[in-house]
Amino acid sequence: MSDVGHPVGGSDEEIRKGFQADDEGSLRLLYDCYGPAVLHLARTVVGNHADAEDVVQATFVAAWHNRDSYQPELGSLLGWLLGIARRKAVDLIRVRSRQDRVTDSLRRVASPPSSVEHDTETVLEQLVIADELTVLEPQQRRVLELALYDDLTHSQIAAVTGLALGTVKSHLRRGVARLRKRRELDRGAY
Amino acid sequence: MSTQETGHLEQCRTCADSLSDLCTVIGVARDAEPVRELPAMPGDLWQRISQEVFAQPPTVLEVAPGSDRPGRRRQGRTAWRAALLAVAAALVGIAGTLGVQTLVERPPTIVAEASLGSKNAVTRAVRGTVTIVDTGHGLQMKVDVSDMPSTTGYYAVWLYDGADTMIPLGTLGPAPLNLPASVSDLERFPLVDISAQQLGQQAHGVSLLQGALRTE
């Protein structure tokens, strides 16, 4: 199992500099950081593992060739990458549908089921938020995790962590604000 | 939430939207728990990506029309020369097994060379040469590079068909590397690749240097 983001000490800044220097190692770093997230999204859209792997391959190849198009002010690296992955996944569905020449498939291409679109959007947001959680300061992340996933109250979190109640509230307020900001920023990227 | 706060939210659209937004974010964050730990990537997927991105197009060796492929031509010439020497030695009465072998032994001849160019920023200034010799008992490769950056892993030498097959030859160093007999046809494997490997990494790592073989 691997974290959604930054599992090997890489950072978006390192990858971005590598892109600018045409350093091929930066693609590997991108893959190590975000490959699992891209594969997860691809599976959500195309529905099977073999096609999802093809989508991952196409995504990272396109990411390398179009690395100049990444603009940090328009969204995170993961948001940009997931945007590419989504388009590649839709492309693959179109190709498969043409190959199948099945009326249902053609209808699906003309108008993808809203449930698939909805699922894709939901998964995109989850992946981005999960990534943002990994880059929070550890104490703030711990407080957020206790609130979000363990359903502890402010007082309970203060008791568990030994932090002052005011600090707990401050971490929660700022942490959620940061998740919100990241969500808004990346909506433009994908 | 106090009555006063509730009252404010009923009046203030901005704050109501903001609260709604925060609730949505919290909902997404809660639902994101399953994707915080995702399965590791399939082992061969990076290999597929790196080959598609970084592989050079296969280099076609310059072979005169109608001539044999280089590997076969070399084997044929060697065998023919050995046979001729054996016949000549027998005719002049000095042939014994040892004598014929001595006559057939010859200094290694260069059969292919390559200049290595950098494929990665970390080796931008590094250049190298590759020489493949026919020892009479098989092909050996010698790789000369200088100023390779230090690494916590190691550098590996590969023969590459430019498409989907890479043959590991060994660790980059001063010692010559033996080519398996099955890959002595250098037309099929026209590229030499030097990769950075992590300890324990079986698959091809990150390409640092690559060069196309020129057969002699």
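Rules used in this analysis
All chains use their own residue numbering, which begins from 1 and follows the written sequence. Written order decides the labels, with chains lettered from A and ligands numbered from 1. Per-residue local features are limited, in this predicted model, to residues with pLDDT of at least 70; the limit for side-chain atom pairs, both in listing and counting, is 80 or more; totals at the level of whole chains, interfaces and linings are taken over all residues. UniProt positions are given in the numbering used here, feature names are shortened, and annotations may be inferred rather than shown by experiment. Secondary structure elements follow DSSP: runs of H or I no shorter than four residues count as helices, runs of E no shorter than two count as strands, and numbering proceeds from the N terminus. Working definition of burial: number of other C-beta atoms within 10 Å of the residue's own, with buried at 20 or more, exposed at 12 or fewer, and partly exposed in between, all C-beta atoms being placed from the backbone. Here, a nonpolar core denotes buried Ala, Val, Leu, Ile, Met, Phe, Trp, Tyr and Cys residues that are linked to one another through C-beta atoms within 7 Å. Contacts here follow a simple rule: the backbone-placed C-beta atoms of the two residues must lie within 7 Å. Residue classes follow a fixed rule: Ala, Val, Leu, Ile, Met, Phe, Trp, Tyr, Cys and Pro count as nonpolar, while Asp, Glu, Lys and Arg count as charged, and any other residue, Gly among them, counts as polar. Helix axes use the C-alpha atoms of the stretch in contact, all axes being lines fitted to C-alpha atoms, and the angles between their N-to-C directions lie in the range 0 to 180 degrees. Oblique is the label for any angle not covered by the other classes, which are roughly parallel (under 35 degrees), roughly antiparallel (over 145) and roughly perpendicular (65 to 115). A crossing counts as left-handed when the near helix is turned anticlockwise from the far one by less than a right angle, and as right-handed when that turn is clockwise. As a per-residue measure, pLDDT reflects the predictor's confidence and takes values from 0 up to 100. A pair of strands counts as paired when DSSP detects no fewer than two bridges linking them.

- Per an unreviewed UniProt entry, chain A carries the name Sigma-70 family RNA polymerase sigma factor and comes from Kineosporia mesophila.
- The UniProt entry for chain A carries the following text under Sequence similarities (unreviewed entry): "Belongs to the sigma-70 factor family. ECF subfamily."

1. Side note on the overall build of chain A
At step 1: Looking only at helices and strands, chain A features nine helices and one strand.
At step 2: Along chain A, from the amino end to the carboxyl end, the secondary structure elements read β-α-α-α-α-α-α-α-α-α.
At step 3: A buried classification covers 42% of the 190 residues belonging to chain A.

2. Considering the nonpolar core
At step 1: Membership of the largest hydrophobic core comes to 55 residues, with the highest contact counts inside it found for Val38, Leu41, Ala42, Leu81, Leu82, Ala85 and Leu127 of chain A.
At step 2: Excluding residues within four positions of it along the chain, Leu81 of chain A makes contact with Tyr34, Val38, Thr59 and Ala63 of chain A.

3. Here we look at the interface of chain B and chain A
At step 1: Contact with chain B, which involves 31 residues of that partner, is made by 35 residues of chain A.
At step 2: Here the side of chain B that touches chain A takes eight residues from helix H2 (residues 13-31) of chain B, the largest share from any one element.
At step 3: When grouped by side-chain class, the residues that make up the side of chain B that touches chain A number 20 nonpolar, two polar and nine charged.

4. Quick look at unusual backbone geometry
At step 1: The phi dihedral of Asp151 of chain A falls on the positive side, at around 55°, and the residue is not glycine.
At step 2: With respect to the helices and strands, Asp151 of chain A occurs in the loop between helix H7 (138-148) and helix H8 (154-161).
At step 3: For Asp151 of chain A, a count of 9 C-beta atoms within 10 Å gives the class exposed.
At step 4: Phi at Asp147 of chain B is positive, roughly 65°, even though this residue is not glycine.

5. Details of the packing of helix H3 (residues 49-65) of chain A against helix H3 (residues 45-54) of chain B
At step 1: Following both chains from N to C, one finds H3 of chain A and H3 of chain B inclined at 40°, their axes separated by 9 Å at the closest point. In terms of orientation, H3 of chain A lies oblique with respect to H3 of chain B. For the crossing formed where H3 of chain A meets H3 of chain B, the hand is right-handed. Judged by residue contacts, Glu53, Val56, Gln57, Phe60, Val61 and Trp64 of chain A of H3 of chain A engage Leu45, Arg48, Ile49, Glu52 and Val53 of chain B from H3 of chain B.
At step 2: For the contact of H3 of chain A with H3 of chain B, a count of residues per class yields seven nonpolar, one polar and three charged.

6. A closer look at the confidence of the model for chain A
At step 1: Averaged over chain A, the pLDDT score is 86; the fraction of residues at 70 or greater is 85%.
At step 2: Note that residues 5-10 of chain A has pLDDT below 50 and, in this model, 19 contacts with residues that lie over four places away or in other chains.

7. Considerations on the pairing of strand E3 (residues 128-134) of chain B
Residues and elements named next belong to chain B.
At step 1: Going residue by residue along E3, you find Gly128, Val130, Ile132 and Asp134 tucked away on one face and Thr129, Thr131 and Val133 left uncovered on the opposite face.
At step 2: When strand E2 (residues 109-118) meets E3, the two strands line up antiparallel, connected through seven bridges. Opposite Ala114, over in E3, you have Val130 as the bridge partner.
At step 3: The pairing of E3 with strand E4 (residues 139-145) spans seven bridges and is antiparallel. By the bridge assignment, Val130 is partnered in E4 with Val143.
At step 4: Where E3 folds back onto E4 in an antiparallel hairpin, the turn is made up of four residues, including Gly136, whose phi is positive at roughly 95°.

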